[in-house]
Amino acid sequence: MDKAGMLLEVKDVAKYFSLKGGRLLRAVNGVSFSIAAHEILGIVGESGCGKSTLGRLALRLIEPSAGQVFFRGEEITALGRREITRIRAGMQMVFQNPFASFNPRIRIAGALMEVCRYYGMSAEAGRERIASLFGDIGLSEGLLGRWPQELSGGQLQRLAIARALLSEPALIVADEPISALDVSVQAQLLNLLGDLRSTHAAAMLFISHDMTVVEYLCDRVAVMYMGKIVESASTPEIFANTLHPYTRSLIAAVPRLGGGDRIIPARGEPPNPAEKISGCPFAPRCPEAGERCRREAPEIREALDGHIVSCHQI
Ligand SMILES: Nc1ncnc2c1ncn2[C@@H]1O[C@H](COP(=O)(O)OP(=O)(O)OP(=O)(O)O)[C@@H](O)[C@H]1O
Ligand SMILES: [Mg+2]
């Protein structure tokens with residue numbers, strides 16, 4: 001793929017957390033991907049595989065242990081604090097829990113106007129921008145005078161999306177944005193997120209543990225296992241021609257949309273990410289693992305056109 005003109009490029013990023021006793025937890029361990037303007041990339045994998053850490057690294061909300069991130073061709077991992085603020089308007093995050101993302105002591109209007117001020121809008125420009133976003137997103141302006149705790153999860157998540165759009169970002173990182181919501185509003189929110197690329201020209205890094213949701217929303221999918229991408233391709237390709245046994249188990253184990261439960265994607269649990277592992281980290285759970293898999297970690301490679309995978313059996 002031609003990388004020129006990519007909106008976001010993540011190159012070999014890693015994030016290690018130091019644990020007690022001097023051990024290192026490799027939460028993200030050498031991940032590369034890119035997102036084109038208006039594209040939705042899904043990052044999928046089970047709990048603890050490093051999805052949220054990767055999302056934060058992409059926006060440089062946390063510092064990488066290694067690797068680089070480029071936004072519109074500019075290396076944001078090399079910028080100072082003040083310059084990061086300049087870039088930040090172009091990239092925003094929506095979090096999983098809408099109840100935790102608004103300050104209970106500030107009314108909705110105050111919370112949104114604070115963001116407008118931060119991005120240098122006058123009070124009048126801020127009010128206009130909020131009114132226009134509320135129209136697009138299907139929010140009543142009556143909500144502006146309310147306190148966060150008076151609103152439903154669905155309303156708050158729409159407000160969180162509106163807040164993320166105030167600065168007209170080109171990229172939104174949405175970290176499990178519908179997982180905490182009632183089934184009845186999940187589908188509506190999903191449609192709203194899908195529409196943002198046409199209504200607001202926004203690309204998205206969409207983090208999920210649910211393959212059904214990712215299939216519905218995303219143009220491309222990257223499957224993460226223990227801090228690494230193990231398979232990535234366009235959505236139709238990865239579903240029609242699944243290569244990695246871990247991806248197959250994720251697809252086989254999907255709950256219905258809104259099922260709420262964490263998926264149980266494969267036998268057993270992933271190994272402890274703080275332990276040193278030799279061989280493929282999926283081998284202990286893999287029905288297809290051979291002797292080489294237990295001995296030697298596979299490298300990620302392009303197995304088919306635009307379809308990358310790390311597995312010895314392919
Ligand atoms: N600040 C931190 N300090 C130490 N370890 C951390 C920290 N943040 C994350 N981790 C660890 O890094 C690993 C990846 O965490 P992360 O939150 O990125 O996973 P995730 O894929 O988003 O999981 P979930 O689906 O449960 O949200 C986990 O083992 C987690 O315990
Ligand atoms: Mg997470």
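Computed from a predicted structure; not experimentally measured.

### What to know about the sheet that holds strand β4 (residues 66-71)
The strand order β2-β1-β4-β5 describes an open sheet built from four strands, whose pairing is antiparallel. Only two strands of the sheet have a single neighbouring strand rather than two, namely β2 (24-35) and β5 (74-75). Bridging between strand β1 (residues 8-18) and β4 involves five bridges; their strand directions are antiparallel. Opposite E9, over in β4, you have F70 as the bridge partner.

### Some details on the site of ligand 1
The environment of ligand 1 is formed by 13 residues, the closest being F17, A27, S47, S52 and T53. If one sorts the elements of the shell around ligand 1 by residue count, helix α1 (residues 51-58) sits on top with three residues. Tallied by class, the residues present in the shell around ligand 1 amount to five nonpolar, seven polar and one charged.

### Describing the sheet that holds strand β12 (residues 307-309)
Strand order in the open sheet formed by eight strands is β6-β7-β8-β3-β9-β10-β12-β11, and the pairing between neighbours is mixed. What marks the edges here is a single partner per strand, and that holds for β6 (91-94) and β11 (301-304). Sheet twist, expressed as the average angle between the axes of neighbouring strands with direction ignored, equals 25°. Taken together, the six bridges between strand β9 (residues 220-225) and strand β10 (residues 228-234) define a ladder with antiparallel strand orientation.

### A closer look at the nonpolar core
Counting residues in each nonpolar core, the largest one holds 80 residues, and the members touching the most others are M204 and V223. With seven residues, the single largest contributor to this core is helix α5 (residues 153-165). Beyond its immediate sequence surroundings of up to four residues, M204 is in contact with I40, I172, A174, L193 and L196.

### Notes on the pairing of strand β8 (residues 203-208)
For a regular strand, side-chain orientation follows a simple rule: the groups alternate between the two sheet faces. In terms of burial, β8 is largely enclosed, as six of its six residues are buried. A two-sided burial pattern is seen for β8, the buried positions comprising A203, L205 and I207 on one face and M204, F206 and S208 on the other. Across five bridges, strand β3 (residues 40-44) lies against β8 in parallel orientation. Paired with L41 across the strands is L205, a residue of β8. As judged from the five bridges shared by strand β7 (residues 171-175) and β8, these two strands associate in the parallel manner. Bridge pairing in β8 links D175 to I207. With helix α6 (residues 183-199) bridging β7 and the parallel β8, this β-α-β connection has right-handed handedness.

### So, helix α4 (residues 123-137)
Over its 15 residues, α4 runs 21 Å from end to end, which matches the ideal 21 Å to within 8%, given 1.5 Å per residue. Among all positions in α4, only G126, R129, I130 and L133 are buried. The buried residues of α4 all sit within an arc of 100° when viewed along its axis, so they share a single face. Exposed and oriented more than 90 degrees from the buried face of α4 are E124, A131, S132 and G135. Elements that come into contact with the buried residues of α4 comprise α3 (108-118) and α5. G138 sits one or two residues past α4 and shows a positive phi near 75°.

### Structural notes on the packing of α3 against α4
Direction vectors running N to C along α3 and α4 enclose 125°, while the axes themselves pass 9 Å from each other. By the criterion of interaxial angle, the relationship of α3 to α4 is oblique. The two elements α3 and α4 meet at a crossing, and its hand is right-handed. Touching L112, M113, C116 and R117 of α3 are G126, R129 and I130, all from α4. In the contact of α3 with α4, the residues fall into four nonpolar, one polar and two charged.

Rules used throughout
- Residues numbered from 1 in each chain as written.
- Chains lettered and ligands numbered in written order.
- Predicted model: local features only at pLDDT ≥ 70, side-chain atom pairs only at ≥ 80, totals over all residues.
- Pairing = 2+ DSSP bridges.
- Helix = DSSP H or I, 4+ residues; strand = E, 2+ residues; numbered from the N terminus.
- Near = placed C-beta within 6 Å.
- Nonpolar A, V, L, I, M, F, W, Y, C, P; charged D, E, K, R; others polar.
- Axes fitted to C-alpha atoms, helices over the stretch in contact; angles between N-to-C directions.
- Core = buried A, V, L, I, M, F, W, Y, C linked by C-beta atoms within 7 Å.
- Buried ≥ 20, exposed ≤ 12 C-beta atoms within 10 Å, placed from the backbone.
- Contact = placed C-beta atoms within 7 Å.
- Right-handed = clockwise from strand over helix to strand, strands pointing away.
- Expected span 1.5 Å × (residues − 1).
- Arc of directions from axis to C-beta.
- Parallel < 35°, antiparallel > 145°, perpendicular 65-115°, else oblique.
- Left-handed = near helix turned anticlockwise from the far one by under 90°.

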